[in-house]
Amino acid sequence: MADSSASTSASAADRAKPRVLSGVQPSGRLHLGNYFGALRHFVPLQDSHDTFYCVVDLHAITVHQNAEELREAIYETAAAFLASGLRPDAAVLFNQSRVAAHSQLAWMFNCVARLGWLERMTQFKDKTASHRERASAGLYVYPTLMAADILCYRAGFVPVGEDQRQHLELTRDIAEKFNHDWCGGEEYFPLPEPLISQDAARIMSLRDGTKKMSKSDASDAACIYLSDDADTIASKLRKAKSDSEPLPGSETLDSQGRPRAGVRDARPEAWNLLGIWQAASGATWAETIERFAGKGFAQLKESLTEAVVAEVVPLGREINRHMADRGELERILADGAGRAEAVATPIVRGAAERMGLLL
Ligand code: TYM
């Protein structure tokens, strides 16, 4: 750590562990992509790392929300954290807006990030394609708030799905420029690394294997939600887009047992369903391909339904169980915010001091 004034109240043991932060938007409709791409990877890190996981409610309001629904969605995302296996005594669980340090550092970063960098963000371009003029200014600076989320803890590692890679690169650019412009090159902020799992980092839509699974998909059948029941999951998977070829064989894997370059692009739907089966069953690619090689989609979809139901239905049940105890969720979030603040405030104060601010 570069700044001795930025000491924290974390225990000595936690300080010795590498620090991790990640965030999830309170969409109220978490899906299989969120779970396999991110949430599931948060869990083992809570025992090996000093972990901070936040419900990013300030990011949610970059597009209009119904206030009552947003409040519910914040609790529901916290409930999904717990249902996935996060323990409030091991990981710091909180909602972003309660820790003022995030917004304070985000403003400083708005003054560090260059317009040209933000212009290049593909997620902003995708989200605003035809209505850029009417997008909120918040949506434009969304990535500077994300950089602040990470850097106000000086987190070194960020578990995310593949779609967040570009935002992580921007975070590194901001850290580097801040260190250069305001700290004379001292590494006040570390350059964080994304932790992107090799598999399931990009779960695609069930209706179009070239588009990522997303709650904003026009078709409800494109996406399996953690709240879906067994019949809904079975029906969505039955209707999932397929192609007319038998499923691929072992010649599609490279010497390390991973899909060869380009094979996924040739058959995006087949590889997406195989990838979901792999993620749900915990099998390797070699085992997955061996099991389904030469078979038809009907067989894959049947096994897939079984595997996905076994993962998702208990999660949905646990989310509902936690949602029934709003008092406990509120206590966990308030306690987490206090612990998060104790770490973030001195770090942000140190940054403000370097900029000449009297924070
Ligand atoms: P969000 O809320 O869209 O998604 C939460 C996490 O789920 C991953 N994910 C996926 N992974 C695989 N396949 C998919 N189809 C899929 N869809 C979503 C995302 O990569 C993410 O890890 N900007 C972030 C939230 C955020 C954040 C942060 C993340 C705000 N501040 C700081 C990390 C660190 C977002 O919108 O994620």
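The preceding data block contains the structure.
## Comments concerning the site of the ligand
The full set close to the ligand counts 26 residues, and Gln-25, Tyr-142, Asp-149, Asp-163 and Ile-203 are the nearest of them. The separation between an oxygen atom of the ligand and a polar main-chain atom of Gln-25 is 2.8 Å. Note that an oxygen atom of the ligand is positioned 2.8 Å from one of the backbone N or O atoms of Gly-161. Considering the ligand on its own, with 710 Å² of exposed area, one finds that the protein chains cover 95% of that surface. Listed by contribution, the elements that provide at least two residues to the shell around the ligand are strand E1 (19-24), helix H2 (32-48) and helix H9 (142-151). Here the shell around the ligand is composed, by residue class, of 13 nonpolar, 10 polar and three charged.

## Concerning a negative patch on the surface
A cluster of acidic side chains, namely Glu-169, Asp-173, Glu-176 and Glu-187, defines a negative patch on the protein surface. Tracing the backbone shows Glu-176 in helix H10 (residues 165-182). According to the relative accessible area criterion, Glu-176 is partly exposed, its value standing at 46%.

## Remarks on the pattern of salt bridges
Following the criterion strictly, the structure yields 21 salt bridges and no others. Note that Arg-87 and Asp-89 form a salt bridge whose closest N and O atoms lie 3.6 Å from each other. A residue is classified by how much of its surface remains accessible, and Arg-87, at 35% relative accessible area, is partly exposed. By relative accessible area, which is 63% here, Asp-89 ends up exposed. Ionic pairing is found between Arg-165 and Glu-162, a salt bridge with its closest N-O pair at 2.8 Å. The exposure class of Arg-165 is partly exposed, given its relative accessible area of 33%. We classify Glu-162 as partly exposed; its relative accessible area is 26%.

The rules we used
Residues numbered from 1 in each chain as written. Predicted model: local features only at pLDDT ≥ 70, side-chain atom pairs only at ≥ 80, totals over all residues. Heavy atoms only, no water. Near = heavy atom within 4 Å. Polar contact = N/O pair within 3.5 Å; in protein donor to acceptor, adjacent residues only side chain to side chain. Areas by Shrake-Rupley, 256 points an atom, 1.4 Å probe, with all protein chains shown as cover. Helix = DSSP H or I, 4+ residues; strand = E, 2+ residues; numbered from the N terminus. Nonpolar A, V, L, I, M, F, W, Y, C, P; charged D, E, K, R; others polar. Patch = residues over 30% accessible without salt bridge, like charges linked within 9 Å, V, L, I, M, F, W, Y side chains within 5 Å. Salt bridge = Lys/Arg side-chain N within 4 Å of Asp/Glu carboxyl O. Lys, Arg positive; Asp, Glu negative; His and termini not counted. Charge placed at Lys NZ, Arg CZ, Asp CG, Glu CD. Buried < 20%, exposed > 50% of the residue type's maximum accessible area, 1.4 Å probe, protein only.

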